[in-house]
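# A closer look at the structure
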Amino acid sequence: MNGVISKRTGARTALSARNETVSRASRCKDKQDRADSAVRAPGLWVRRLALACVVTFVALTSAQAGDVAAKHPNIVFLFGDQLRASATGYGGDLNVRTPNLDSLAKESVNFRNAVSVCPVCTPFRAALMTGRFPTTTGMFLNDAYLPDREVCLAEVLKESGYDTAYIGKWHLDGHGRSSYIPPERRQGFDYWKTAECEHDYNHSHYYRGDSSEKKFWDGYDAFAQTRDAQQYIRDHAKADKPFVLFVSYGIPHFPHGSAPEKFKAMYPPDKIRFRPNVPAEMQTQKNRIEAQGYYAHTTALDEGVGELMRTVADAGLQTNTILVFTSDHGEMLGSHGVPTTTKQVPWDEAAHVPFLIRYPEAHGHSGRVASTPLTTPDIMPTLLKLAGLKVPKSVEGRDLSDVVKKASENPDRAALYMGVAPFARKELNKEYRAIRTDRYTYVRALDGPWLLFDDENDPFQMNNLVGQSQHTKLCRKLEKRLQYALESIRDDFRPAAYYVQKFGYELAPHGSLSYEPGAKVQSPKIQSRELR
């Protein structure tokens, strides 16, 4: 009799698990259906790339779900805020000490031509989560709310049997930088220790789980977030289901002076060596102190990455875990005469980001440098394919998993990035569209070609080839490649005001969306035909 009761209990448990799987799949399918319905509705803009159902509707028993999930790798995704590609030891910086990132680079596929699709916080994060370009989603301004209609990476992974976790800065909710983000606005993440936006690193708030009680990290937030991520990994190391863990650090984003003193002591201001493209008038004591803090935050970030690398190894997860390290964008630090904390501009210091991906089951235990260019929307499809999962048809980025698995380089590829409606330091910033190839950076402004650099022979981008007669043919060739990239996402490159109107935004005096307490929540609107 006890056996019968046990079997019945087990059957009820399996049925409950199966029903939950069906329920979650239904919710994700409903989300995609709503997007499709909105596109088909009369008077609304027909999307340029048709959206189709993202996840095959499959109802599995709990045992089957466990069997399928066990075949997929874990994903640990680490990223800093405002860390440029060159600001690491392996990236060639003469100041900074990043021994853990240097070690990770030796074990990873290092995409040396990775760019931020729109080098500022919210646009990068929206492209990361959706695999789509800012001109498609309308997410090209800070503090916009990523709409529920978008199909996001964590939702796809969750429907495929993953546990999902996010720790750190979010900056996709648009309901105020210190506001609580309820579960229905978390785009598929369940474990949650997150703030919308916080850069007070020594008094940094967050919200946990389903509680709207504001909490504060203990001490310097990057270290506390690292400890929490370590515990999450340990707790899930023996679980039947794979997990995806995002750790979004706020550092080395300014304020630079709040870095721990022990790290600042490693970088005396008078010993800072600026890049050759920083003019003499920018090499002031003030900028030296800013650089000191920037590098101090970066070394603190490196320490956190090292701790997580060791935790993954100690848990026995290294072989079957995809570990990624990147950043949302860079920082100018005076290069080309652009003020220290500036981003959004097309030069390398702002747009070129680190991108390391370590997955020993795919590429072995030794690393290599990949020359194939990568832009932010490529990350989602690449991770999904490496995990053995289908890529939603809504995704615009390219799957580059063969670069990781087979060292299959694509010399003809160009990574697209853009400034849609720049809002910081507008006297220096303007709309642009750009591509990065395995050798060149080409940038077009509204009035024509703006910048062209041979990154191989001119790594500090000090010799603009636009207007030089001997490079006219090259400029035309890269212009064609840029136009091809823009055509593929149906962007005909118009002035910023067009996109602001098109997606229905109301701008604050600083040129972006207001994030003051009580400000109007703004999310990109589905477009009507007259705005096409």
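None of the values given here were measured: they were computed from a predicted structure.

### Quick word on the overall build of the protein chain
Helices and strands together make up the secondary structure of the protein chain, namely 15 helices and 16 strands. The buried share of the protein chain, taken over its 532 residues, is 59%. A separation threshold of at least 6 residues defines the contact pool for the protein chain, and within that pool the share at least 24 residues apart is 72%. Summed over all atoms, the accessible surface of the protein chain reaches about 21000 Å², with 50% contributed by carbon and sulfur.

### Describing helix α12 (residues 379-386)
Here α12 lies mainly inside the structure; seven of its eight residues are buried. Looking only at α12, the buried set comprises Ile379, Met380, Pro381, Thr382, Leu383, Leu384 and Leu386.

### Side note on the nonpolar core
Of all hydrophobic cores here, the largest spans 81 residues; its most connected members are Phe111, Met129, Phe140, Phe246, Ile357, Leu416 and Tyr505. Sequence-distant contacts of isoleucine 357, that is, excluding residues within four places in its chain, are made with Ser108, Val109, Phe111, Ile322, Leu323, Val324, His363, Leu383, Leu386 and Val404. Ala105, Ala224, Ile272 and Leu323 belong to the second-largest nonpolar core, a separate cluster that totals 49 residues.

### A closer look at empty space enclosed by the protein
If a probe the size of a water molecule is rolled over the atoms, the empty space left behind becomes visible. For the structure on display, the rule yields six cavities of 30 Å³ or more. Approximately 60 Å³ is the volume attributed to the second largest cavity.

### Observations concerning unusual backbone geometry
A cis amide bond, omega 5°, links isoleucine 251 with the succeeding residue proline 252. By secondary structure assignment, the location of proline 252 is in strand β8 (residues 243-252). Following phenylalanine 254, the chain continues to proline 255 via a peptide bond in cis, the omega torsion being 15°. Relative to the helices and strands, proline 255 resides in the loop between β8 and α8 (261-264). A positive phi angle, near 55°, is found at alanine 407, a position not held by glycine. For alanine 407, the position within the fold is in the loop between α13 (401-406) and β13 (415-419). The exposure class assigned to alanine 407 is partly exposed, which follows from its relative accessible area of 40%.

### Overview of the sheet that holds strand β5 (residues 191-195)
Read from one edge to the other, the open sheet built from 10 strands follows the order β7-β6-β5-β4-β8-β1-β9-β10-β2-β11, with strand pairing classed as mixed. Taken across any chain shown, the strands that pair with only one partner, and hence form the sheet edges, are β7 (215-216) and β11 (368-370). Where strand β1 (residues 74-81) lies against strand β9 (residues 321-327), seven bridges are found, and the strand directions are parallel. Residue pairing for β9: leucine 78 is matched across the bridge by phenylalanine 325. Of the strands in this sheet, β9 and β10 (355-358) touch helix α3 (residues 99-107), which is tilted by about 60° from β10. Strand contacts of helix α7 (residues 221-236): β4 (163-169), β5 and β8, with the helix running at about 170° to β8, the strand carrying the most contacts.

### A few points about the side chain of histidine 171
Among the secondary structure elements, histidine 171 is positioned in the loop between β4 and β5. Apart from residues no more than four positions distant in its own chain, histidine 171 is found in contact with Cys121, Thr122, Arg125, Asn142, Asp143, Arg177, Ala195, Glu196 and Cys197.

### Quick look at the packing of aromatic side chains
For the structure on display, the rule yields 28 aromatic pairs. An angle of 75° between the planes, with centres 6.4 Å apart, marks the rings of phenylalanine 140 and tyrosine 499 as edge-to-face. Here the residue phenylalanine 140 occupies a position in the loop between α5 (134-137) and α6 (153-159), and tyrosine 499 occupies one in helix α15 (residues 496-502), the gap between them amounting to 359 residues. The buried category is assigned to phenylalanine 140, whose relative accessible area is 1%. Three or more aromatic residues joined by ring pairs make a cluster, and in this case those are Phe77, Phe79, Phe124, Tyr166, Trp170, Phe189, Trp192 and Phe246. Geometry around tyrosine 267 places arginine 97 over its ring, the cationic atom sitting 6.0 Å from the centre. In this arrangement the basic side chain of arginine 177 is found over the ring face of tyrosine 515, its NZ or CZ atom lying 3.6 Å from the centre.

### With respect to the side chain of threonine 342
Note that threonine 342 resides in the loop between β9 and α10 (348-351). Judged by its relative accessible area of 4%, threonine 342 is buried. Setting aside residues no more than four positions away along its own chain, threonine 342 makes contact with Gly330, Glu331, Met332 and Arg425.

### Quick look at the pattern of salt bridges
Throughout the structure, instances matching the rule amount to 24 salt bridges. We note a salt bridge from arginine 132 to glutamate 150, for which the minimum N-O separation is 2.9 Å. Of this pair, arginine 132 sits in the loop between α4 (121-130) and α5 while glutamate 150 sits in the loop between α5 and α6, and the two are 18 residues apart along the sequence. Among the residues examined, glutamate 150 registers a relative accessible area of 3% and is labelled buried. The shortest N-O distance in the salt bridge between lysine 264 and glutamate 261 comes to 3.2 Å. One end of the pair, lysine 264, and the other, glutamate 261, are both in helix α8, three residues apart, so they sit about a helical turn from each other. With a relative accessible area of 14%, lysine 264 lands in the buried category. Taken together, the shared-partner salt bridges in this structure form one network comprising Asp81, Arg125, Lys169 and Asp328.

### Here's the deal with the confidence of the model for the protein chain
Close inspection of predicted coordinates is inappropriate in any region flagged by low pLDDT. Looking at the protein chain as a whole, its pLDDT mean stands at 89, while 85% of the residues score no less than 70. Between residues 1-24, whose pLDDT stays under 50, and residues either more than four places distant or in other chains, the model counts 13 contacts. Between residues 528-532, whose pLDDT stays under 50, and residues either more than four places distant or in other chains, the model counts 14 contacts.

### A closer look at the packing of α3 against helix α9 (residues 285-314)
The geometry of a pair of packed helices is captured by two quantities: the angle between their axes and the separation between those axes. Here α3 crosses α9 at 50°, and the two axes come no closer than 7 Å. Our classification of the angle between α3 and α9 gives oblique. Here Pro99, Asn100, Leu101, Ser103, Leu104 and Glu107 of α3 come into contact with α9, specifically with Asp302, Glu303, Val305, Gly306, Met309 and Arg310. The residue makeup of the contact of α3 with α9, split by class, is five nonpolar, three polar and four charged.

Parameters at a glance
Residues numbered from 1 in each chain as written. Predicted model: local features only at pLDDT ≥ 70, side-chain atom pairs only at ≥ 80, totals over all residues. Heavy atoms only, no water. Helix = DSSP H or I, 4+ residues; strand = E, 2+ residues; numbered from the N terminus. Buried < 20%, exposed > 50% of the residue type's maximum accessible area, 1.4 Å probe, protein only. Contact = heavy atoms within 4.5 Å. Areas by Shrake-Rupley, 256 points an atom, 1.4 Å probe, with all protein chains shown as cover. Core = buried A, V, L, I, M, F, W, Y, C linked by side-chain atoms within 4.5 Å. 1 Å grid on protein atoms, 1.4 Å probe; cavity = no way out; pocket = protein on both sides within 12 Å on 5 of 7 lines; lining within 4 Å. Points joined across faces, edges and corners; volume = space filled by probe spheres on them. Pairing = 2+ DSSP bridges. Axes fitted to C-alpha atoms, helices over the stretch in contact; angles between N-to-C directions. Phe/Tyr/Trp six-rings, centres within 6.5 Å; stacked < 30°, edge-to-face > 60°. Lys NZ or Arg CZ within 6 Å of the ring centre and 35° of its normal. Salt bridge = Lys/Arg side-chain N within 4 Å of Asp/Glu carboxyl O. pLDDT = per-residue confidence, 0-100. Parallel < 35°, antiparallel > 145°, perpendicular 65-115°, else oblique. Nonpolar A, V, L, I, M, F, W, Y, C, P; charged D, E, K, R; others polar.

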